[in-house]
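# Topology and contacts: notes
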Amino acid sequence: MVEIIKSVVCPICGCLCDDLEVTVENNEIVKMKNGCAVCEAKMVHGYKSEERILEPHIRKDGKLVPVSMDEAIYKAAQILTDAKYPLLFGWTSSASETQHVGVELAEELGCALDNCCSVCHGPSVMAIQEIGIPTATLGQIRHRADLLVYWACDPWSAHPRHVERYTAFTDGRFEKSEFKEYVQKLKGKASQKKVEAAIRRTQVRYQPSPRPQAAVVEAPPQSLARDGRKMVVFDVRKTMTAEVADYFVQVEPNSDYEIFGAMRCLVNDQELDVDKVGGVPVDYLKEVVDVMVNANFGAIFFGLGLTQSVGRFRNIEIAIAMTRDLNRKTKFVISPMRGHFNVTGANTVFAWQTGYPFALDFSQGYPQYNPGEFTANDLLRRGDNDATLVISADPGAHFPKKSIQNMMKHPLITINPDWNAISRLGDVVFPAQWCGIEQAGTAYRMDSIAISLKKVVEAPKGVPPDEEIIRRILEEVRVIKTQKNKKEEEKGQGQQNLEKKM
Amino acid sequence: MITITPKRIFDVPIQATCINADVFTGKTLEEIKKLPITEGKENLILDEAFNISEDTAVETPNITLIGDFSKVKRIGQGMKTGEIIINGNVGMHTGEKLAGGKIIVNGNSDGWTGSEMKKGIIEIHGDAGDYTASPFRGTCTGMKGGLITVDGNVGSNVGCYLQGGTIKIKGSAGRFLGHRMTDGTIYVEKDCASRAGPFMTGGKIIITGAVELLMPTFTIDSIKPKVKVDANLTVQGPFYVFLGDIAERGTGKIFALKATNPALVSYEKYL
């Protein structure tokens, strides 16, 4: 039986595109429309992987052995209650409903709780706490923005439909798409290459031009002064997005902070004592700032190039400060390019549950927050925790060696749909449903808009949603804790009786 | 004097706000042994994790800690009087919100040492971690007074939101030194990494080593022959004096020694 499901939400990146058309045949996705290549890779092929975990496993004598769900739940609960200071990490590829139960579990255990945001846009959250953020929804940007600045991010590769759905290549109510101009530009470039190739063929011996040793920043093109939507890209290398842009500024690595500082001075009509900042001539920056100030509605999008390079949250803080300065002269907004589809949800859910978005600690009985102290990598690097639960994440593939070495010294519980690097290292391994494909739920788009994920196909038999696993672990933890307290009370009473007799 | 040594090597962090001269005052040794601490999520008493002994013949320092305390946090938090000596490394938040007294660390200290302190002295005879003398996340009231001296190097984000007091660093300093400071003095004897004093609106940063890269938001003001660190110390120059952060319309000053900073000579044409 073939069924076409419309308006399916894509559970890959923070864009959460909600216009997919999925064809399901015999409980299997066979075709999809509107999705990007990344989406198709997961929704049509990836989720059916042979590496799927279909039953819970426990490590016995060094080998992972399939066990019943009850046994695995009991074992996991026992590990977590026996540990003095466990860490619960991941959450960003789970639905918000799961994250909500996760906070309850962390509170019950008195442990550290962190999400993947600490290794992606956590610094953005910290910067927002320092200085605030002037931002807008993607819908507003789509309809109104006439200047788009992508800073240290490459949506063409990482968020493939961002430009098409929300910014330069979409027809908004007040601003038109620039897609036709882009196609013309492409055609022009192709014919230019043909001419160059023909010239080369006529020469007796072709000598390639020497590679430039240092990045040469080109002067801003005249087209930057035209009407209509314009796109400017700041990055350390010429990315796919930079190819599309009207103007690309190649900055020296780790010099974004200085460039933002210089641009702030220029926005505030102040003179600088230097000629070049971060490899970019100040005269070029002046022209870019002129374009920014003259825009009706500008939007800056920034990526991990800012949050994970030298300076981290300070980079974002100064970027927001520049946006604030620009708002004295025109309308400007700034927005992070969030990665995992529900990383914004993890921040939002943790914040409305505890007051803090990530890097939490419940050891004192109340939530404490301090990135650098309670963030997963810092805890693991110092070897502070003595058990780890990883859910819907793969630190095994992405964390530094030292962190993983320390993680492996203590028991590890994993909840993931397939055998990724961390699942293979686990002591208790749970299977889970693919959120957004086999499990419905709520996710938050990168601009903090809640969107309902759809269930498209049925999960394999015996594979529960991760929410159910976390809820069952929580119940088991409560049972074990009650038993422990009872035993201690009996022990205490026994001692009291003994003292009385003495 | 109370002497405290760890009973074992700690796996998980210990929060020991009670190791504080004010808390110990007026308590017997038995009462001190029963003070609450936490090891991870476990609630313990001081005696379960540390050996505690008392020497009534010695009055100062009030508390001596011997051994590795690098996993013990919040020692001397909010202390008003008294003296603590730590012979070994010490964990985060040592001397946080210090309101008086003295803490001497004969070892390295971790992050947030002397955070939001108001008065008193912290001496670190080793290296100090990131966020030394900087406030907690989201707080914009930094160190208001007192003195912190570090014999070794310091990490990044030291002296953020500084509102008063003095920080003297004999080694090198990391990035974002004196970020958003409004008053007070930071003196670095060796090199300073880039991005010193961003967003600062007042106070002074004195660097007698090399400045890696000066923020473009600073403008040269003058060349001064010497500069005063505090009542006891004046450093001889000549110094380039930079004003900033001009993007914040600030009047903070960075003093960079002329002899160690030949790269800054290009600024002289604006004088």
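None of the values given here were measured: they were computed from a predicted structure.

## Observations concerning the overall build of chain B
Across its full length, chain B holds three helices and 17 strands. The globule rule puts the C-alpha radius of gyration for 271 residues at 18 Å, and the 20 Å found for chain B is close to it. Classification of the 271 residues of chain B by burial places 50% in the buried group. Across chain B, the fraction of contacts at a sequence separation of at least 24, relative to all contacts at a separation of at least 6, is 35%.

## What to know about the nonpolar core
A:Trp151, A:Phe302, A:Ala319 and A:Leu360 are the most contacted members of the largest nonpolar core, which totals 216 residues. Residues contacting A:Phe302, with those up to four places away along its chain left out, are A:Trp151, A:Ala152, A:Cys153, A:Ile316, A:Ala319, A:Pro336 and A:Met337.

## Thoughts on the interface of chain B and chain A
On the chain A side, the residues contacting the 27 residues of chain B number 32 residues. Taken together, the elements giving at least two residues each to the side of chain B that touches chain A come down to strand E3 (36-39) and strand E15 (219-230) of chain B. Of the residues that constitute the side of chain B that touches chain A, the class distribution is twelve nonpolar, seven polar and eight charged.

## Considering the pairing of strand E4 (residues 42-45) of chain B
Moving residue by residue along a regular strand, the side chains alternate between the two faces of the sheet. Of the pairings in the sheet, the one linking E3(B) to E4(B) comprises four bridges and is antiparallel in character. Bridging from a neighbouring strand, B:Pro36 pairs with B:Ile45 of E4(B).

## Observations regarding the sheet that holds strand E13 (residues 297-302) of chain A
Residue and element names in this part refer to chain A. Judged by pairing direction, the sheet is parallel, and its five strands sit side by side in the order E10-E9-E8-E13-E14 without closing on themselves. Edge strands, defined here as strands with exactly one partner in the open sheet, are strand E10 (247-250) and strand E14 (331-336). Adjacent strand axes in the sheet meet at a mean angle of 15° when their direction is disregarded. In the sheet, E13 pairs with E14 via six bridges, with the strands oriented parallel. Paired with Phe297 across the bridge in E14 is Lys331. This element, helix H13 (residues 313-326), spans strand E8 (147-151), E13 and E14 of the sheet and lies at about 160° to E14.

## Considerations on the sheet that holds strand E1 (residues 2-8) of chain A
All names here are of chain A. Spatially, three strands are ordered E1-E2-E3 in an open sheet, and the strand pairing comes out antiparallel. A strand with exactly one partner marks an edge of an open sheet, and here the two such strands are E1 and strand E3 (29-33). Each neighbouring strand pair of the sheet contributes to a mean axis angle of 20°, computed without reference to strand direction. Pairing geometry for E1 and strand E2 (residues 20-25), over five bridges, is antiparallel. By the bridge assignment for E2, Val2 is matched with Glu25. Most of the contacts of helix H1 (residues 37-45) go to E3, to which it runs at about 155°, and overall it touches E2 and E3.

## Quick word on the domain arrangement of chain A
Residue and element names in this part refer to chain A. Here chain A is described as being made up of domain 1 (54-118 + 341-487) and domain 2 (122-191 + 216-336). Each of domain 1 and domain 2 was reduced to a C-alpha centroid, and the two centroids are 36 Å apart. Taken residue by residue, the interface counts ten residues in domain 1 and seven residues in domain 2. Of the residues assigned to the side of domain 1 that touches domain 2, the class counts are six nonpolar, three polar and one charged.

## Describing helix H4 (residues 122-131) of chain A
Residues and elements named next belong to chain A. The buried count for H4 comes to nine of ten residues, which makes it a mostly enclosed element. All of the buried residues along H4 are Gly122, Pro123, Ser124, Val125, Met126, Ala127, Ile128, Glu130 and Ile131. At its buried positions, H4 is contacted by helix H12 (304-307), H13, E14 and helix H14 (343-354). Gly132 sits one or two residues past H4 and shows a positive phi near 85°.

## Here's the deal with the packing of helix H10 (residues 256-267) of chain A against helix H11 (residues 282-294) of chain A
All names here are of chain A. H11 packs onto H10 with a crossing angle of 60° between their chain directions and a minimal axis gap of 10 Å. In this view, H10 runs oblique relative to H11, as classed from their interaxial angle. Once H10 is placed against H11, the crossing between them reads as right-handed. Where H10 approaches H11, its residues Ala262, Met263, Leu266 and Val267 are matched on the opposing element by Val282, Leu285, Lys286, Val289 and Val293. Residue classes in the contact of H10 with H11 are distributed as eight nonpolar, no polar and one charged.

## Comments concerning unusual backbone geometry
Leave glycine aside and you will find that most residues have negative phi; peptide bonds, for their part, are mostly trans. For the peptide bond that leads from B:Gly237 to B:Pro238, omega is 5°, which places it in the cis range. The omega angle of the peptide bond from B:Gly244 to B:Asp245 is -5°, so this bond is cis rather than trans. Phi at A:Asn26 is positive, roughly 50°, even though this residue is not glycine. Residue placement: A:Asn26 occurs in the loop between E2 and E3.

## Quick word on the pairing of strand E6 (residues 63-66) of chain B
Residue and element names in this part refer to chain B. The alternating pattern of E6 places Ile63 and Leu65 on a buried face and Thr64 and Ile66 on a face that is not buried. The pairing of strand E1 (residues 2-6) with E6 spans three bridges and is classified as parallel. From the neighbouring strand, Ile4 faces E6, where its bridge partner is Leu65. For E6 and strand E8 (residues 83-87), the ladder comprises four bridges, and the chain directions are parallel. Pairing of Ile63 across the sheet is with Ile84, part of E8.

## Notes on the packing of H10(A) against H13(A)
Describing two packed helices takes the angle between their axes plus the distance from one axis to the other. Residue and element names in this part refer to chain A. For the pair H10 and H13, the least separation of the axes is 9 Å and the interaxial angle reads 15°. With respect to H13, the axis of H10 lies roughly parallel. Where H10 crosses over H13, the two elements pack in a sense that is left-handed. Listed contacts from H13 to Asp256, Tyr257, Phe260, Gly261, Met263, Arg264 and Val267 of H10 are Arg314, Asn315, Ile318, Ala319, Ala321, Met322, Asp325 and Leu326. Its residues assigned to classes, the contact of H10 with H13 shows nine nonpolar, two polar and four charged.

Thresholds, definitions, all that
Residues numbered from 1 in each chain as written. Chains lettered and ligands numbered in written order. Predicted model: local features only at pLDDT ≥ 70, side-chain atom pairs only at ≥ 80, totals over all residues. Helix = DSSP H or I, 4+ residues; strand = E, 2+ residues; numbered from the N terminus. Rg over C-alpha atoms; globule rule 2.2 N^0.38 Å. Buried ≥ 20, exposed ≤ 12 C-beta atoms within 10 Å, placed from the backbone. Contact = placed C-beta atoms within 7 Å. Core = buried A, V, L, I, M, F, W, Y, C linked by C-beta atoms within 7 Å. Nonpolar A, V, L, I, M, F, W, Y, C, P; charged D, E, K, R; others polar. Pairing = 2+ DSSP bridges. Axes fitted to C-alpha atoms, helices over the stretch in contact; angles between N-to-C directions. Domains from an automatic or database assignment. Parallel < 35°, antiparallel > 145°, perpendicular 65-115°, else oblique. Left-handed = near helix turned anticlockwise from the far one by under 90°.

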